[in-house]
Structure formats: C-alpha cells, structure tokens
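What the coordinates show
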Amino acid sequence: MGGEPKLQKDGDLDKEMKKTRTRFPPSPSGYLHIGGARTALFNWLLARHDGGEFILRIEDTDVARSTSESVDAILEALEWLGIDWDEGPYFQSQRIEIYNEYIQKLIDTGKAYYCTCTPETLEEKRKTALARGEKPKYDGTCRDKGLSWSPGAVVRFRSPQTGTTVVEDVIKGNVVFENRELDDLIIQRSDGTPTYNFAVVVDDISMNINTVIRGDDHLNNTPRQILLYNALEYPLPVFGHVPMVLGSDRSRLSKRHGAMSVTAYRDMGYLPQALINYLVRLGWSYGNQEFFTVDELIEKFSLENIGRSAGMFNPEKLLAINAEHIRFSSPEELLPHLKPFLKEFNIESDEYLCQAIRTLQTRSKTLIDMAKGAAFYFRERIEYEEKAASKFLRPQIKGVLQGLLQKLKSASTFDETTLENVFVELMEETGLKLGKIAQPVRVALTGGTVSPGIFEIMSVLGRDRVLSRLHAAIRFIESSSEN
Ligand code: GLU
C-alpha cells in the first residue's frame, strides 16, 4: 500500500526515507486564519530548512462543513504568503478507497469490528453515565460479537483498555495517557466515510509523513493516532504540538483581537514577508532577533527553538514589523505588492515608481499608506488641500515662487545637492527661512503639507513636472487674488 519511492541504490533509499516530510492539512470550512497559517509556516520552514518536502492535504470528509470556496481561499492565502507545496493538494474526499483498504486490513486482523449500536441507545447510555457522574465512554457492547456489515453499522477500533500511551512530543516532552480513558473510537461512519483520527493516520502513513507539527488543540487526538499506527504496524512520525496563539487578554485568539484571516492582512497593506516574520516569532525564537527575512528563517528555523508557552497576538507589533519590512525591502520587491493599492488611486504608471517608492519607505507602515503617499507623484493636476492652499499659496509668496522657477530652469542638474544650493541662494536673496519657502513649494508640488523631504521629491519629480506644478501654483495664486 501507499506510494513507496522507487529507488535504485540503498544509499538513495536511506536518504529518501530520512528526508523530512511535513504536511499541512486544513479543513476547508473557512478562510486561512492566523493560527493555521503559523502551523503551515512551521511545517513549511522545517521542510525547507531540512531540504525536505512539504505536502498540502485538504481534509474535506466533513461534507456538511467543507466548501470549494474555502479551498480556494486557503490556497490563495498560502500562495500570497509564498508557502509553496511539493505535493498536493490531496483531497481526502477522493481517497475513500484507500481508507477502506486500511479499514479492511484492521477488520481482517481483528483490530476493528462492526458495531450496530444505534445513536439513540448510545445517547441514552451517555446520559446515564453523566447522571452517575462518570465519564461517558463506549461500553464495548459489540466488541466481541463478531458482527459483519449491515446497513447503519459503523466500524470501531479495538483500543487497548489497559496500560498507557506516551506521546513523545518534541515540544512538550513526554505526555502520558491512560488507555482506559480512550474508548473504541469509530473509524468509519455508517455512511462509509472515515473519521478524522483514522483518515489522518492513513494519510500520514501513505504520504510518508515523518514529522507532524500541529496546534496543541490536537494533543488529545495523538494517543489515539499512535494506537492506530501501532495497529497498522507503521513507525510513528515525530510529533510536536505547538501552543495555541492567544489574544492579548490570554484568551483564545478570536475576531475581537483583530482581523483573523491571512488575506485580510494582505488587503490592509501588509507584506507577506512581514506577516511570516511576525507569525514565526509567535512561538519560535532565535536569541533576541526580531527581524527576519524569509531566507533567514529558512536558514535558522529548527524545532528546538519552538517555545512551550503560548504566543500572544499583538496587532501593533505586527504593524511595526510591517513598517520595518517596508523599510528594508527594495523598491523592486515592494512594487508588485504595492500595485493593487496604487490602482485604487488610479495610478497605473510605472514611470519613476521605484524612485518614488524609495522616498516613502521610511514613512509608510502599510502599503496603503505608501500608495496614498505616492499619489501626488502621478497626478496630472495637483489639487490643493483647502487649508494648505489658503495658508501657503498667498500673494506674497508669488514672487518667491517665480524666483525659484527661474533658478530651477537654469539649474545645471536636478539632484538633491543642486536643489539645496538653489534654496540656499533663494533664502539669502529673500531673507526667508527654509520653512517659509519649502512649505508653499510643498503645497505646490504635492497639494498638501506633509510629504517626504522637499529636495527628495523635487529630484524624483524631475525638472519638467516641478516647473509645471510651480507655474500652476502661481496661476492659482493669481486667480485667487483676482476674486
Ligand atoms: N484538519 C485538521 C485541522 O485543520 C488537521 C489536524 C492535523 O494536523 O492533524 O485542525
């Protein structure tokens, strides 16, 4: 069973067997949320760090809750993050025959059996147990009846009733479970579909997964899965259960702690590498280092540095990391991420975009900030903010702007140093301080009073645009003083 690799030499086989194979198996019942993305990321980084493989599997056997829209949303979010997979996506719904094969194997060896207890009887027994203050548990009615299939029958796993099962967790250490706490779990429902614990084990076995890193909300499932591995006579993978991400109030992360879906962060102007950086640090550390590029994470990531305590989601910190990534990325790297936001401001131009971006990198926390800040570069006509215009574009500054215009026309070059010298000259001639000249010029060039440095923006805009915007401002002053 399964897809054993076809290899020639023993050495190859050895290497192939040892290769780290991790997986991410989301249930498609919603978008990819922050916690899920972190789990995906840990598994992906581990595979990439080890030169192994990362497998994507969609756990869609719960037909009532699974939707193809969710599958699309999850894939879209992973793709945006740059989390690529080497195999898959596999769909559990298309693997029913494989599960049946393994179920048959367990039935044939007496390790699983048919059970015909009705849901009503089970519910009644459950209530009685609860009323007696006992933990409800399947009482083994059909365990030794040797039943064969009949309509409505389920298949149960014959779980050992004594002894213990130890989860040797690479993050939590050994966690011991009493087998008597684990009843004979249903592995196949009456409609023929496998249950979660069984499908996961069969998938992980047949996909040669040797490392399972997931949220610690699954820790209680792991002893059951271990017993299934044992029954199917397959070696166990390495298990690691990562503490859940919590909100700032230490409660389980939810919508009230901020946006939960990965793509919401994309739409709010976050860079994928910033979200990755932030999510990894929620549960993994490397000394005191906070800022990581993705390449650096691949190089440095290891299971040993996953922490035992829960990370707390802090939107402000995420924003700060985003600002840092915006600052340290090259304009060329930012450009594809920025473009959709520029479109919202009707900016399609590629012309001198990278230079414009460079002037905004230290001033933008998100790509939305950046797109807003970049808009003035690309306007055909500058519209002045009312307050800015009435304060700075006044008749007494007209002469200064005209003087500046003349000097700029004849300036030898348009680099920042030349421009600064032009301003110094003008300050000397007019006796005005820099701010008194720079603010009106800023309003003329950008429409507002806040922008990157005046020499920076002038040099990026270039002589023609600067001259025409100064002309327009002078005309504006003239026409407003006529009225
Ligand atoms: N489908 C399960 C989930 O989304 C996967 C759990 C696992 O990693 O085994 O939680």
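Conventions and cut-offs
Residues numbered from 1 in each chain as written. Predicted model: local features only at pLDDT ≥ 70, side-chain atom pairs only at ≥ 80, totals over all residues. Heavy atoms only, no water. Core = buried A, V, L, I, M, F, W, Y, C linked by side-chain atoms within 4.5 Å. Buried < 20%, exposed > 50% of the residue type's maximum accessible area, 1.4 Å probe, protein only. Helix = DSSP H or I, 4+ residues; strand = E, 2+ residues; numbered from the N terminus. Contact = heavy atoms within 4.5 Å. Phe/Tyr/Trp six-rings, centres within 6.5 Å; stacked < 30°, edge-to-face > 60°. Lys NZ or Arg CZ within 6 Å of the ring centre and 35° of its normal. Near = heavy atom within 4 Å. Polar contact = N/O pair within 3.5 Å; in protein donor to acceptor, adjacent residues only side chain to side chain. Areas by Shrake-Rupley, 256 points an atom, 1.4 Å probe, with all protein chains shown as cover. Nonpolar A, V, L, I, M, F, W, Y, C, P; charged D, E, K, R; others polar. Pairing = 2+ DSSP bridges. Axes fitted to C-alpha atoms, helices over the stretch in contact; angles between N-to-C directions. Salt bridge = Lys/Arg side-chain N within 4 Å of Asp/Glu carboxyl O. Parallel < 35°, antiparallel > 145°, perpendicular 65-115°, else oblique. Right-handed = clockwise from strand over helix to strand, strands pointing away.

1. A look at the nonpolar core
- By size, the foremost hydrophobic cluster in this structure holds 60 residues, and its most contacted members are Tyr377, Leu408, Val441, Met458 and Leu470.
- Sort the elements by how many residues they give to this core and helix α19 (residues 454-482) lands first, with 12 residues.
- Excluding residues that lie within four positions of it along the chain, Val441 makes contacts with Leu401, Leu404, Phe423, Ile454 and Leu470.
- Core analysis: the next-biggest nonpolar cluster, separate from the first, contains 46 residues, Leu41, Ile171, Val242 and Val245 among them.

2. Some words on the packing of aromatic side chains
- Following the criterion strictly, the structure yields 16 aromatic pairs and no others.
- Ring plane angle 85° and centroid distance 6.1 Å describe the contact between Tyr352 and Tyr377, whose orientation is recorded as edge-to-face. Linking Tyr352 in the loop between α12 (331-344) and α13 (353-360) with Tyr377 in the loop between α14 (367-374) and α15 (386-392), this pair joins segments that are 25 residues apart in sequence. With respect to burial, Tyr352 and Tyr377 carry one shared label: buried.
- Among the aromatic side chains, those forming a connected cluster through ring pairs are Phe42, Trp284, Tyr286, Phe292 and Phe301.
- Here Arg95 stacks its cationic end above the ring of Tyr90, 5.9 Å away from the centre of that ring.
- Arg156 extends its terminal NZ or CZ atom over the ring of Tyr138, reaching a point 3.5 Å from the ring centre.

3. Considerations on the site of the ligand
- Around the ligand, the surrounding shell consists of Arg23, Pro25, Pro26, Ser27, Glu59, Tyr196, Arg214 and His218.
- Contact distances for the ligand include 2.8 Å between a nitrogen atom and a backbone N or O atom of Pro25.
- With the chains in place, 80% of the 300 Å² that the ligand exposes on its own is no longer accessible.
- Class assignment of the residues belonging to the shell around the ligand gives a composition of 3 nonpolar, 2 polar and 3 charged.

4. Some thoughts on the sheet that holds strand β8 (residues 186-188)
- With antiparallel pairing, the 3 strands of this open sheet are ordered in space as β4-β5-β8. Edge strands, defined here as strands with exactly one partner in the open sheet, are β4 (112-115) and β8. Strand-to-strand twist across the sheet, computed as the mean angle between neighbouring axes with direction ignored, equals 45°.
- Pairing between β4 and strand β5 (residues 154-157): 4 bridges, direction antiparallel. The residue of β5 that forms the bridge with Cys115 is Val154.

5. Section: the pattern of salt bridges
- Summed over the entire model, instances satisfying the criterion amount to 31 salt bridges.
- The partner of Asp204 in a salt bridge is Arg57, with the nearest N and O atoms 2.8 Å apart. Here Arg57 lies in strand β2 (residues 53-58) and Asp204 lies in helix α6 (residues 196-206), a separation of 147 residues in the sequence. Neither Asp204 nor Arg57 differs from the other in exposure class; each is buried.
- Of the charged contacts, one joins Arg143 and Asp184 as a salt bridge, the two residues approaching to 2.6 Å between their closest N and O atoms. Of the two residues, Arg143 is situated in the loop between α5 (119-131) and β5 and Asp184 in the loop between β7 (173-178) and β8; the sequence distance between them amounts to 41 residues. You'll find Arg143 and Asp184 in the same group, each marked buried.

6. Considerations on the sheet that holds β2
- Strands sit in the order β1-β2-β3 across an open sheet of 3 strands; the sheet is parallel. Where the open sheet ends on each side, the last strands, each with one partner, are β1 (21-24) and β3 (87-91). Direction aside, the axes of adjacent strands within the sheet are offset by 25° on average.
- In the sheet, β1 pairs with β2 via 4 bridges, with the strands oriented parallel. Following the sheet pairing, Arg21 is matched in β2 by Glu53.

7. Let's talk about the packing of helix α18 (residues 434-446) against α19
- Put simply, α18 and α19 touch, their axes get as near as 9 Å, and they point 75° apart. Taken together, the axis directions place α18 and α19 in an arrangement best described as roughly perpendicular. Taken together, the residues of α19 that come into contact with α18 (itself represented by Leu434, Ala438, Val441, Arg442, Ala444, Leu445 and Thr446) are Ile454, Phe455, Ile457, Met458, Leu461, Val466, Arg469, Leu470 and Ala473.
- Of the residues assigned to the contact of α18 with α19, the class counts are 13 nonpolar, 1 polar and 2 charged.

8. Side note on the pairing of β3
- Two strands pair when backbone bridges link them, and β2 and β3 are joined in this way by 3 bridges, in the parallel orientation. Residue Ile58 lies in a different strand from β3, and its bridge partner there is Phe91.
- Handedness of the β-α-β unit built from β2, helix α3 (residues 68-81) and β3 comes out right-handed.

9. Overview of the environment of Ala375
- The topology assignment puts Ala375 in the loop between α14 and α15.
- A sequence separation of 29 residues divides Ala375 from Asn346, and the C-alpha atoms of the two residues are 8.6 Å apart.
- Once residues lying within four places of it in the same chain are set aside, the contact partners of Ala375 are Phe345 and Ile347.

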